[in-house]
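Chain residues, written in single-letter form:
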Amino acid sequence: MLSDAGVLNAWHELKMKRKAIEALAAHAYHPKDIAAAIASGSFRTEGMVIAPCSMKTLAAVAHAHADDLVSRAADVVLKERRRLVLMPRETPLNLAHLRNMVAVTEMGGIIFPPVPAFYAAPKSLDDLVAHSVARVLDLFGVHTAKLKRWQGLKGTPADRD
Ligand SMILES: Cc1cc2nc3c(=O)[nH]c(=O)nc-3n(C[C@H](O)[C@H](O)[C@H](O)COP(=O)(O)O)c2cc1C
């Protein structure tokens, strides 16, 4: 599901149109299609990731204000106690943003800002994105061997003193 603002964003950052992005998906839904299968808890899913998640959509999810299919599907995921992951990338944050993140966390959702994992020594933007995606997939029990996992620092504390 790509919101209208998401389409703007994808065009600005990737020069990709809605159709090109939807073609990458097994299933694509329009955010205005409030009667889509994922609007009902009876339709089985593992959960949902909102990436990136705007502060507007965060607010909608935090307050169960389901005025489009993105916020309705997230609402369904929360009420069915399934996995919901939001990837906000706004910074800095105002108090409303922080309170909405707390509210989503209290309902069982996971706030997962795509913060760069510098410890993985990324060489490119693609490395940064791939790391965040792999860490989110971990939350759904989908594990990839491509993820550079932390194995502990080599040496002893004395080596670094
Ligand atoms: C190019 C672009 C980048 C944006 N980046 C962000 C962002 O990182 N975080 C955010 O909260 N809003 C961002 N916005 C603003 C949201 O897109 C805007 O609040 C929109 O109404 C969100 O709607 P949606 O959640 O339905 O997609 C951005 C807008 C544009 C056009």
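Look up: the structure comes first, before these words.
Please read all numbers here as calculations on a predicted model, not as lab measurements.

A. Highlighting the packing of aromatic side chains. Throughout the structure, instances matching the rule amount to one aromatic pair. Arranged with centres 5.6 Å apart and planes meeting at 80°, the rings of Y119 and W150 form a pair that is edge-to-face. One end of the pair, Y119, is in the loop between β3 (110-111) and α6 (125-139); the other, W150, is in the loop between α6 and α7 (157-160), and 31 residues separate them in sequence. Residue classification places Y119 among the partly exposed residues on the basis of a relative accessible area of 45%. Cation over ring: K15 sits above W11, and NZ or CZ is 5.4 Å from the ring centre.

B. Structural context of the nonpolar core. Formed by 21 residues in total, the largest nonpolar core has its most connected members in M48, I50, L58, V61, L84 and L86. Among the elements of the structure, β1 (47-53), α3 (55-62), α4 (69-79), β2 (83-88) and α5 (95-106) are those that each provide at least two residues to this core. Not counting chain neighbours up to four residues away, the residues in contact with V61 comprise I50, A74, L78, L84, V104 and M107.

C. How the structure looks around unusual backbone geometry. Cis geometry marks the peptide bond from A51 to P52; its omega dihedral reads -10°. Note on placement: P52 falls in strand β1. A cis geometry characterises the amide bond from T91 onward to P92, with omega recorded as -5°. Even without being glycine, A64 reaches a positive phi, approximately 50°. Tracing the sequence through the fold places A64 in the loop between α3 and α4. Although it is not a glycine, R81 sits at a positive phi angle of roughly 55°.

D. Structural view of the site of the ligand. Taken together, S3, A5, N9, H12, S54, M55, K56, T57, R89 and E90 make up all the residues around the ligand. The separation between an oxygen atom of the ligand and a polar side-chain atom of T57 is 2.4 Å. Between the ligand and E90, the relevant distance is 2.7 Å, taken from a nitrogen atom to a side-chain nitrogen or oxygen of the residue. Within the complex, 66% of the 640 Å² of free accessible area of the ligand lies under protein. Counting residues per element, the ones that place at least two in the shell around the ligand are α1 (4-14) and α3. Of the residues in the shell around the ligand, the class split is two nonpolar, five polar and three charged.

E. Spotlight on the sheet that holds β3. Spatially, β1-β2-β3 is the arrangement adopted by the three strands of the open sheet, whose pairing is parallel. If you trace the sheet from one side to the other, it starts and ends with β1 and β3, each paired once. The pairing of β1 with β2 spans five bridges and is classified as parallel. If you follow M48 over to β2, its bridge partner there is L84. Each of β1 and β2 touches α4; the most contacted strand, β1, lies at about 135° to it. Each of β1, β2 and β3 touches α6; the most contacted strand, β2, lies at about 160° to it.

What counts, and where the lines are drawn
Residues numbered from 1 in each chain as written. Predicted model: local features only at pLDDT ≥ 70, side-chain atom pairs only at ≥ 80, totals over all residues. Heavy atoms only, no water. Phe/Tyr/Trp six-rings, centres within 6.5 Å; stacked < 30°, edge-to-face > 60°. Helix = DSSP H or I, 4+ residues; strand = E, 2+ residues; numbered from the N terminus. Buried < 20%, exposed > 50% of the residue type's maximum accessible area, 1.4 Å probe, protein only. Lys NZ or Arg CZ within 6 Å of the ring centre and 35° of its normal. Core = buried A, V, L, I, M, F, W, Y, C linked by side-chain atoms within 4.5 Å. Contact = heavy atoms within 4.5 Å. Near = heavy atom within 4 Å. Polar contact = N/O pair within 3.5 Å; in protein donor to acceptor, adjacent residues only side chain to side chain. Areas by Shrake-Rupley, 256 points an atom, 1.4 Å probe, with all protein chains shown as cover. Nonpolar A, V, L, I, M, F, W, Y, C, P; charged D, E, K, R; others polar. Pairing = 2+ DSSP bridges. Axes fitted to C-alpha atoms, helices over the stretch in contact; angles between N-to-C directions.

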